[in-house]
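# Per-entry structural report
Here is how the chains run, residue by residue.
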Amino acid sequence: MPSRRSFLKTIALAAGGAAAADRIESMDSGNLQTEYFGLHQFIEEHPDAVFVMQTNIGKKTDSEAIRNIALEFSRSVFLPKKTGLPLTTLIPVKPNLDCSYTADKRYSLEYGMGIVTDPYFIEGVIQGLKDLGLPANRFFIREVNCPFDFEPRGYTAMAQRIGAELRDMSAGIGVLPTKDIVWKNVPGGVWFTKIPYLSPVNAPNSWLLNIAKFKTDGMGLSLCAKNLQGTNVQGYNDHSRPYEENM
């Protein structure tokens, strides 16, 4: 697998020649100290592209390897910038952290691992962002569903290690404190005209990090857009059933 530096220089050369590669080399060596961060320029300039990072992780239970590759990924994608997102930005992180059979004794914990985003991958990505200067208290792991799965899936311990906030926000409107809700209008909305999000999703000075899991369910493939329904307050998050069942 290529090193982080060779990966950066390769895509930098594709984006703009030797000068761009030298600029990335300067960033990689820590010479650029700024109050901003952002995506690698090549990614920003190709928003419709799909980038694939091949790994050689042998099994899904190799937590240390998963954390290390996520850290390498994060350091390759997120870079210090002269302008961009300030280091004071709130970062809500949305993994696939859905119900995953942890309470059902017929299934092992490993059985349900394919449903959720690996917590060690989340940890590595957040660590890469922290290395840029983002403090731990700017990270908020958000999921409205199944808070009883947080601990057995390893998310509670991971959040404590990395310093991110993770808590039960499964109460609905009228129970969840108003400070935990961000209402957003939906111009021309058909299903909703307003959506309540779990704060700080869609809050001012926030930037959503959506780390979905490529999996299937009753709607077919579950990707980034569907993963976002778990950022909605309870009662507004069930988009997977036929319209009549939601009446």
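This section reports on the structure supplied with the text. Bear in mind that the values here come from a model prediction, so they are computed numbers and not experimental data.

Let us now look at the overall build of the chain. Check the secondary structure of the chain and you find six helices and ten strands. By the burial criterion, 40% of the 247 residues in the chain qualify as buried. Pairs at least 24 residues apart make up 70% of the contacts formed inside the chain by residues separated by at least 6 positions. With an accessible surface of roughly 13,400 Å², the chain has 55% of that area assigned to carbon and sulfur atoms.

A few words now on the pairing of strand β1 (residues 36–39). Relative to strand β2 (residues 78–81), β1 runs antiparallel, the two sharing four bridges. Paired with Gly38 across the strands is Leu79, a residue of β2.

Further remarks concern the sheet that holds strand β4 (residues 91–95). Backbone-to-backbone hydrogen bonds pair the strands of a sheet. The strands run either parallel or antiparallel. Reading across the sheet, the three strands line up as β5-β4-β8 and stay open at both edges, with parallel pairing between neighbours. Of all strands in the sheet, those with a lone pairing partner are β5 (139–141) and β8 (209–211), marking the two edges. If you compare each strand with its neighbour and ignore which way they point, the axes differ by 20° on average. Sheet analysis places β4 next to β5, joined by three bridges and oriented parallel. Bridge pairing in β5 links Pro92 to Phe140. Helix α4 (residues 119–130) contacts β4, β5 and β8 of the sheet and is inclined by roughly 155° relative to β8.

With respect to the helices and strands, Arg138 occurs in the loop between α4 and β5. Spatially, the C-alpha atoms of Arg138 and Ser206 are 9.3 Å apart, while their sequence positions differ by 68 residues. Apart from the residues lying within four places of it in its own chain, the contact partners of Arg138 are Leu87, Thr88, Thr89, Leu90, Ile91 and Asn205. For Arg138, the side chain forms a polar contact with the main-chain oxygen of Thr88, separated by 2.2 Å.

Looking at the element boundaries, Gly128 is found in helix α4. Placed 50 residues apart in sequence, Gly128 and Phe78 show a C-alpha to C-alpha distance of 7.7 Å. Leaving out residues up to four positions away in the same chain, Gly128 has contacts with Leu71, Ser74 and Arg75.

The next subject is helix α3 (residues 63–77). Across its 15 residues, α3 extends 21 Å between first and last C-alpha, which sits within 8% of the 21 Å expected from 1.5 Å per residue. Buried within α3 we find Ile66, Arg67, Ile69, Ala70, Leu71, Ser74, Ser76 and Val77.

Quick look at α4 now. Between its terminal C-alpha atoms α4 stretches 16 Å, which fits the 16 Å expected from twelve residues at 1.5 Å a residue. Within α4, the full set of buried residues consists of Pro119, Ile122, Glu123, Gly124, Val125, Ile126, Gly128 and Leu129.

Turning our attention to the pairing of β4. Across the five residues that make up β4, a large majority, five, are buried. Along β4, one buried face is formed by Ile91, Val93 and Pro95 and the opposite face, lined by Pro92 and Lys94, is buried too. Read as a crossover between parallel neighbours, the route from β4 over α4 to β5 is right-handed.

Right, let's talk about the packing of aromatic side chains for a bit. In this structure the tally under the stated criterion is ten aromatic pairs. Between the aromatic rings of Phe73 and Phe121, the centroid separation amounts to 6.0 Å while the plane-to-plane angle is 35°, which identifies the pairing as tilted. Of the two residues, Phe73 sits in helix α3 while Phe121 sits in helix α4, which places them 48 residues apart along the sequence. For Phe73, a relative accessible area of 28% translates into the label partly exposed. Phe121 gets classed as partly exposed once you look at its relative accessible area, which sits at 24%. Ring geometry for Trp183 versus Tyr236: centroids 5.8 Å apart, planes at 90°, classification edge-to-face. With Trp183 in strand β6 (residues 181–185) and Tyr236 in the segment after α6 (224–227), the pair connects residues that are 53 residues apart, well separated along the chain. Grouping aromatic residues by their ring pairs yields a cluster made of Trp183, Trp191, Phe192 and Tyr236.

The rules we used
- Residues numbered from 1 in each chain as written.
- Predicted model: local features only at pLDDT ≥ 70, side-chain atom pairs only at ≥ 80, totals over all residues.
- Heavy atoms only, no water.
- Helix = DSSP H or I, 4+ residues; strand = E, 2+ residues; numbered from the N terminus.
- Buried < 20%, exposed > 50% of the residue type's maximum accessible area, 1.4 Å probe, protein only.
- Contact = heavy atoms within 4.5 Å.
- Areas by Shrake-Rupley, 256 points an atom, 1.4 Å probe, with all protein chains shown as cover.
- Pairing = 2+ DSSP bridges.
- Axes fitted to C-alpha atoms, helices over the stretch in contact; angles between N-to-C directions.
- Polar contact = N/O pair within 3.5 Å; in protein donor to acceptor, adjacent residues only side chain to side chain.
- Expected span 1.5 Å × (residues − 1).
- Right-handed = clockwise from strand over helix to strand, strands pointing away.
- Phe/Tyr/Trp six-rings, centres within 6.5 Å; stacked < 30°, edge-to-face > 60°.

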